[in-house]
Amino acid sequence: MTLLYINACVRPQSRTKILADYVVAQLSPQSISFLDLDKCNLKYADNAFLQKRGTLIATHQFDHPMFAYAREFASADNIVIAAPYWDFSFPALLKMYIENVNVVNIVFKYSSTGEIVPLCRAENLYYVTTKGGYNSDDYGFKYIEALCKRLYGIKNVFLIEAEGLDIQGNNANEILQQACKKADEIIK
Ligand SMILES: Cc1cc2nc3c(=O)[nH]c(=O)nc-3n(C[C@H](O)[C@H](O)[C@H](O)COP(=O)(O)O)c2cc1C
């Protein structure tokens, strides 16, 4: 089993990364492809990006380096995303990565009648996050879940989270340990 581990954490002592490392260890994959998004020098989709991408797609150059992230994502067996909870969602870094991944004819295609046909291989995606407070409005997870179900064809999307880490009086380490136990339940 191959695992694509996408890290959108930016703080050196990131609690989200600690929790995601635990999840990855429990999944015990044969091989891990680790993407540290902060070090990937990602480009967001500006006009030049869209023009170039459009030309490459129109000329069927799907092996172009510009599509390396999309090819890697589409061929992974399992996927883990580590993303802290920021402003009801996730860091912009992860959205930039998604803009690079969502390439027609690699992660999805259109049928002759215009319907989306998913092309991704993964059956499981684990979305790992930590939150300063207690927030059920996690639009980051909801968005990733919608992409998985409607675009990528990834059937099982799991949320693994630790909440309330920044609330005064809470023991963040204890909360993280509880989250690891919940992760065990989800993974088994
Ligand atoms: C830019 C930014 C925005 C945040 N927004 C929220 C928020 O809307 N709600 C919340 O409960 N915590 C928020 N937090 C707190 C983080 O969710 C919390 O500290 C989290 O554990 C950080 O993860 P990390 O340790 O992996 O960096 C925010 C933190 C940052 C830096």
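Before any of the text, the structure's been laid out above.
Here goes a summary of the coordinates provided. Predicted model only: the values in this text are computed from it and were never measured.

Helix and strand counts for the chain stand at six helices and seven strands. Here the C-alpha atoms of the chain give a radius of gyration of 17 Å, agreeing with the 16 Å that 2.2 N^0.38 yields for 188 residues. Looking at the chain as a whole, 46% of its 188 residues qualify as buried. In the chain, the share of contacts with a sequence separation of at least 24, taken over all contacts with a separation of at least 6, comes to 76%. Total accessible area computed for the chain in this model is approximately 10,000 Å², and 51% of it derives from carbon and sulfur atoms. Side chains of the chain give 19 positive and 20 negative charges; the mean places of these two sets differ by 3 Å.

Here we take up the sheet that holds strand β3 (residues 78-82). The five strands are arranged β2-β1-β3-β6-β7 in an open sheet whose pairing can be described as parallel. Among the strands making up the open sheet, the edge pair consists of β2 (31-36) and β7 (156-162). Pairs of neighbouring strands in the sheet enclose a mean axial angle of 15°, with direction left out of account. In the sheet, strand β6 (residues 124-130) pairs with β7 via seven bridges, with the strands oriented parallel. Its bridge partner being in β7, Leu-125 is matched across the sheet by Val-157. The strands touched by helix α4 (residues 92-101) are β1 (2-7), β2, β3 and β6; relative to β1, the strand with the most contacts, the crossing angle is about 135°. Running at roughly 165° to β7, helix α6 (residues 172-187) makes contact with β6 and β7 of the sheet.

Taken together, 16 residues lie around the ligand, and Ser-14, Thr-16, Tyr-85, Thr-130 and Asp-166 are the ones closest in. Measuring from an oxygen atom of the ligand, one finds a side-chain N or O atom of Thr-130 at 2.7 Å. Taken by itself the ligand offers 650 Å² of open surface, and the protein chains cover 76% of this. Its residues placed into classes, the shell around the ligand shows five nonpolar, six polar and five charged.

Once that is clear, we can look at the packing of aromatic side chains. Scanning the entire structure with this criterion turns up eight aromatic pairs. Both rings, one in Phe-108 and one in Tyr-110, keep their centres 5.4 Å apart while their planes meet at 90°; by these two values the pair is edge-to-face. We classify Tyr-110 as partly exposed; its relative accessible area is 49%. Centre to centre, the rings of Tyr-126 and Phe-158 are 5.0 Å apart; their planes meet at 20°, and the pair counts as stacked. Residue Tyr-126 is located in strand β6, and its partner Phe-158 is located in strand β7; the two are separated by 32 residues in the primary sequence. On the basis of relative accessibility, which here comes to 5%, the residue Tyr-126 falls in the buried class. By relative accessible area, Phe-158 is classed as partly exposed at 23%. Over the aromatic face of Tyr-85 sits the side chain of Lys-131, whose NZ or CZ is 4.8 Å from the ring centroid.

The subject of this paragraph is helix α1 (residues 15-27). Compared with an ideal rise of 1.5 Å per residue, which puts 13 residues at 18 Å, α1 spans 19 Å between its outermost C-alpha atoms and is within 8% of the ideal. Where the residues of α1 are buried, they touch β1, β2, β3, β6, β7 and α6. Two to three positions downstream of the cap, the backbone nitrogen of Thr-16 sits 3.3 Å from a side-chain oxygen, assigning the N-cap of α1 to Ser-14. Just beyond α1, the residue with positive phi is Ser-28, at close to 35°.

To continue, consider the nonpolar core. Within the largest apolar cluster, 44 residues are counted, with the highest numbers of intra-cluster contacts made by Phe-73, Leu-94, Tyr-97 and Tyr-152. Top element by residues in this core is helix α5 (residues 139-152). It accounts for six residues. If sequence neighbours within four positions are ignored, Leu-94 has contacts with Ile-6, Ala-8, Leu-37, Ile-81, Ala-83, Tyr-127 and Ile-144.

Calculation criteria
Residues numbered from 1 in each chain as written. Predicted model: local features only at pLDDT ≥ 70, side-chain atom pairs only at ≥ 80, totals over all residues. Heavy atoms only, no water. Helix = DSSP H or I, 4+ residues; strand = E, 2+ residues; numbered from the N terminus. Rg over C-alpha atoms; globule rule 2.2 N^0.38 Å. Buried < 20%, exposed > 50% of the residue type's maximum accessible area, 1.4 Å probe, protein only. Contact = heavy atoms within 4.5 Å. Areas by Shrake-Rupley, 256 points an atom, 1.4 Å probe, with all protein chains shown as cover. Lys, Arg positive; Asp, Glu negative; His and termini not counted. Charge placed at Lys NZ, Arg CZ, Asp CG, Glu CD. Pairing = 2+ DSSP bridges. Axes fitted to C-alpha atoms, helices over the stretch in contact; angles between N-to-C directions. Near = heavy atom within 4 Å. Polar contact = N/O pair within 3.5 Å; in protein donor to acceptor, adjacent residues only side chain to side chain. Nonpolar A, V, L, I, M, F, W, Y, C, P; charged D, E, K, R; others polar. Phe/Tyr/Trp six-rings, centres within 6.5 Å; stacked < 30°, edge-to-face > 60°. Lys NZ or Arg CZ within 6 Å of the ring centre and 35° of its normal. Expected span 1.5 Å × (residues − 1). Core = buried A, V, L, I, M, F, W, Y, C linked by side-chain atoms within 4.5 Å.

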